[in-house]
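Descriptive structure summary
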Amino acid sequence: KEDLKAVVNYLRTDGNISCIALWGRSMGAVTSLMYGAEDPSIAGMVLDSPFSNLVDLMMELVDTYKYPLPKFTVKLAIQHMRKIVKKKAGFDIMDLDTIQVAKRCFVPALFGHATEDDFILPHHSDKICEAYVGDKNIIKFDGDHNSPRPQFYFDSITIFFHNVLNPPDVP
């Protein structure tokens with residue numbers, strides 16, 4: 001989020017940028033959402049395959065990939081990672097809860113998620129979208145987490161960005 005903040009600040013100091021929209025995928029979508037909740041001047045966000053809560057995602061991945069570990073072992077490992085991340089990166093992984101962030105974000109958002117995504121299950125986008133208080137829409141499409149996105153999705157993004165950025169007509 002701080003890296004994205006630095007980029008946005010740089011673009012704003014350039015003097016040639018009038019509106020900024022964000023487009024993030026997976027962790028980039030989470031980053032965009034977390035930043036957008038703090039900067040309501042962002043014109044719009046495309047959030048492709050975000051996760052709703054990092055710890056929930058980690059627990060799901062253990063189940064999805066059938067690691068033969070008891071839940072308490074996984075929870076201990078997560079607590080260990082939490083301490084390491086806190087010490088080295090200065091933030092708490094427990095704070096990566098986009099449902100809570102969505103409850104205070106008003107930037108227009110277009111969510112997208114592949115229906116067969118087995119890395120970040122589609123219910124993550126559904127939960128975030130349900131909690132989201134700003135203008136929102138969600139598009140589901142065939143494929144998995146790393147599938148090429150279909151043309152209709154890109155067309156929808158183009159329309160969304162045109163609406164939120166409101167570019168001038170060029171003859």
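Criteria and thresholds
- Residues numbered from 1 in each chain as written.
- Predicted model: local features only at pLDDT ≥ 70, side-chain atom pairs only at ≥ 80, totals over all residues.
- Heavy atoms only, no water.
- Domains from an automatic or database assignment.
- Contact = heavy atoms within 4.5 Å.
- Buried area = accessible area lost by both parts, 1.4 Å probe.
- Phe/Tyr/Trp six-rings, centres within 6.5 Å; stacked < 30°, edge-to-face > 60°.
- Helix = DSSP H or I, 4+ residues; strand = E, 2+ residues; numbered from the N terminus.
- Buried < 20%, exposed > 50% of the residue type's maximum accessible area, 1.4 Å probe, protein only.

**Notes on the domain arrangement of the chain**
If you check the domain split of the chain, you get domain 1 (1–53 + 97–165) and domain 2 (54–95). Taking only C-alpha atoms, the centre of domain 1 and the centre of domain 2 are 24 Å apart. With ten residues of domain 1 at the contact, the number on the domain 2 side is ten residues. Interface area, domain 1 with domain 2, both sides summed: about 860 Å², of which 49% is carbon and sulfur. Broken down residue by residue, the surface that domain 1 buries against domain 2 is led by Asn53, Asp118 and Phe119, which jointly contribute 53%.

**Here's the deal with the packing of aromatic side chains**
Applying the stated criterion across every chain yields a total of six aromatic pairs. Look at Trp23 and Phe154: their rings are 6.3 Å apart centre to centre, the planes differ by 55°, and that puts the pair in the tilted class. Of the two residues, Trp23 sits in strand 1 (residues 21–25) while Phe154 sits in helix 7 (residues 151–165), which places them 131 residues apart along the sequence. For Phe154, a relative accessible area of 31% puts it in the partly exposed group. Between Phe160 and Phe161, the aromatic rings sit 5.8 Å apart at their centres with planes inclined by 45°, giving tilted as the arrangement. Per residue, the accessibility class of Phe160 equals that of Phe161, and both read buried. Grouping aromatic residues by their ring pairs yields a cluster made of Trp23, Phe141, Tyr153, Phe154, Phe160 and Phe161.

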